[in-house]
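Geometric and topological summary
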Amino acid sequence: MPLAESAILRAPRVTVLSRPAFTDAEHLPVQWMGESTDGERLAEFAGRLCYMSQRNPANRSTREYLGNIKKQGHGSVLEHANYSLLFEGISRSLTHELVRHRAGFAYSQLSQRYVDESDACFVMPPAIMGDAALEAAWTAQVTAALDSYVALVDQLMDRYSWVDDKVHRRKMAREAARGVLPNSTETKIVVTGNARAWRTMLELRSSEGAEFEIRRLAIAVLHVMQAEAPAFFDDFSVYMAADRAEAARVEYHKV
Ligand SMILES: Cc1cc2nc3c(=O)[nH]c(=O)nc-3n(C[C@H](O)[C@H](O)[C@H](O)COP(=O)(O)OP(=O)(O)OC[C@H]3O[C@@H](n4cnc5c(N)ncnc54)[C@H](O)[C@@H]3O)c2cc1C
């Protein structure tokens, strides 16, 4: 079966699912200054508690205060602010790399054992995009792989027809048939991380050494997070690298 154009994905989709909701502690009021989001205020509150400096003697805005925290490398206060993001339109090879980031992260990913992949989408590697011959070759390969998957699921359902529990039988078929699906198969994943963890991941994965697809995702996440909580991410700057793809560098390395 030819693959529908809509089944070929060329960009990730990033959705913010959750962000901190900060509540002032009435008995420990902080002299807030300047604009800030809840996540930023939470980190400032935590940082100020260490020295009981709620009166804000240096008259720093939240963003100035957190800028100093990053400069001093006191990143542990950033760990209080957690953000959950939904990633779609990304490949299984990307998530294989993503889930290597352990400290401060939680993951929940679409299961290829339970979910039918007969209508799977495929993420075209950025390095292939824009070259008609390469795109055609790649599309032919993933189409053949999907056809094999569909055929294998059918054959395995027959082979295990004696298994009464249909849910279990489907799982047996899908978990074996997924072996022929390529790394480019689209997946979906919910990733929760604290701001310090996101910074480490973004530093590594938005750099020029990172693989193109995860680098593209990291740049997309960076834009989202710079809008969510500028004070946590405003020392990252995006630039066009020599390989003609966007990359980012960070001022305060691994705070
Ligand atoms: C360009 C690039 C190429 C890569 N190539 C490969 C490859 O070929 N093969 C491969 O297997 N991986 C590869 N990786 C993955 C890499 O080795 C790391 O697993 C991944 O980048 C996560 O980094 P991390 O461990 O620092 O992150 P996290 O697990 O998020 O940890 C963050 C930080 O917490 C601390 N930390 C976390 N866990 C521990 C611990 N158990 N003990 C002590 N300190 C800890 C460390 O300071 C660590 O840097 C590559 C990564 C990149 C960016």
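Our structure's up above, just so we're on the same page.
Below you will find a few notes about this structure. Bear in mind that the values here come from a model prediction, so they are computed numbers and not experimental data.

When helices and strands are counted, the protein shows eight helices and eight strands. For the protein, the spread of C-alpha atoms along the principal axes amounts to about 75 × 50 × 25 Å. Expressed as a percentage of the 255 residues in the protein, the buried residues total 45%. Here the contacts in the protein between residues at least 6 apart in sequence split such that 74% fall between residues at least 24 apart. The positive charge centre, built from 30 side chains, and the negative charge centre, built from 33, are 4 Å apart in the protein.

The grouping of Tyr114, Val115 and Val167 at the surface amounts to a nonpolar patch, some 280 Å² of accessible area in total. Positionally, Val115 belongs in the loop between strand 4 (105-109) and strand 5 (122-123). What makes Val115 partly exposed here is its relative accessible area of 34%.

Relative to the assigned elements, Ala25 resides in the loop between strand 2 (13-18) and helix 1 (38-51). The exposure class assigned to Ala25 is buried, which follows from its relative accessible area of 17%. A sequence separation of 20 residues divides Ala25 from Phe45, and the C-alpha atoms of the two residues are 9.2 Å apart.

Here we have four strands laid out as an open sheet, ordered 2-3-6-4, and antiparallel in their pairing. Each having just a single partner strand, strand 2 and strand 4 make up the two edges of the open sheet. Mean inter-strand twist for the sheet, computed between neighbouring axes without regard to direction, equals 20°. Across five bridges, the pairing between strand 2 and strand 3 (residues 82-91) is antiparallel. Opposite Arg13, over in strand 3, you have Glu88 as the bridge partner.

This next bit is on helix 1. Note that an α-helix has 3.6 residues per turn; residues three or four places apart therefore point the same way. In a regular helix each residue adds 1.5 Å, so 14 residues correspond to 20 Å; helix 1 covers 21 Å between its end C-alpha atoms and thus fits that length. Among all positions in helix 1, only Gly39, Glu40, Arg41, Ala43, Glu44, Phe45, Ala46, Gly47 and Arg48 are buried. The inward-facing, buried residues of helix 1 contact helix 2 (62-72), strand 3 and helix 8 (230-233). Following helix 1 by one or two positions, Met52 has its phi on the positive side, about 50°.

Criteria and thresholds
Residues numbered from 1 in each chain as written. Predicted model: local features only at pLDDT ≥ 70, side-chain atom pairs only at ≥ 80, totals over all residues. Heavy atoms only, no water. Helix = DSSP H or I, 4+ residues; strand = E, 2+ residues; numbered from the N terminus. Buried < 20%, exposed > 50% of the residue type's maximum accessible area, 1.4 Å probe, protein only. Contact = heavy atoms within 4.5 Å. Lys, Arg positive; Asp, Glu negative; His and termini not counted. Charge placed at Lys NZ, Arg CZ, Asp CG, Glu CD. Patch = residues over 30% accessible without salt bridge, like charges linked within 9 Å, V, L, I, M, F, W, Y side chains within 5 Å. Areas by Shrake-Rupley, 256 points an atom, 1.4 Å probe, with all protein chains shown as cover. Salt bridge = Lys/Arg side-chain N within 4 Å of Asp/Glu carboxyl O. Pairing = 2+ DSSP bridges. Axes fitted to C-alpha atoms, helices over the stretch in contact; angles between N-to-C directions. Expected span 1.5 Å × (residues − 1).

All quantities given are derived from atomic positions and should not be read as evidence of function.
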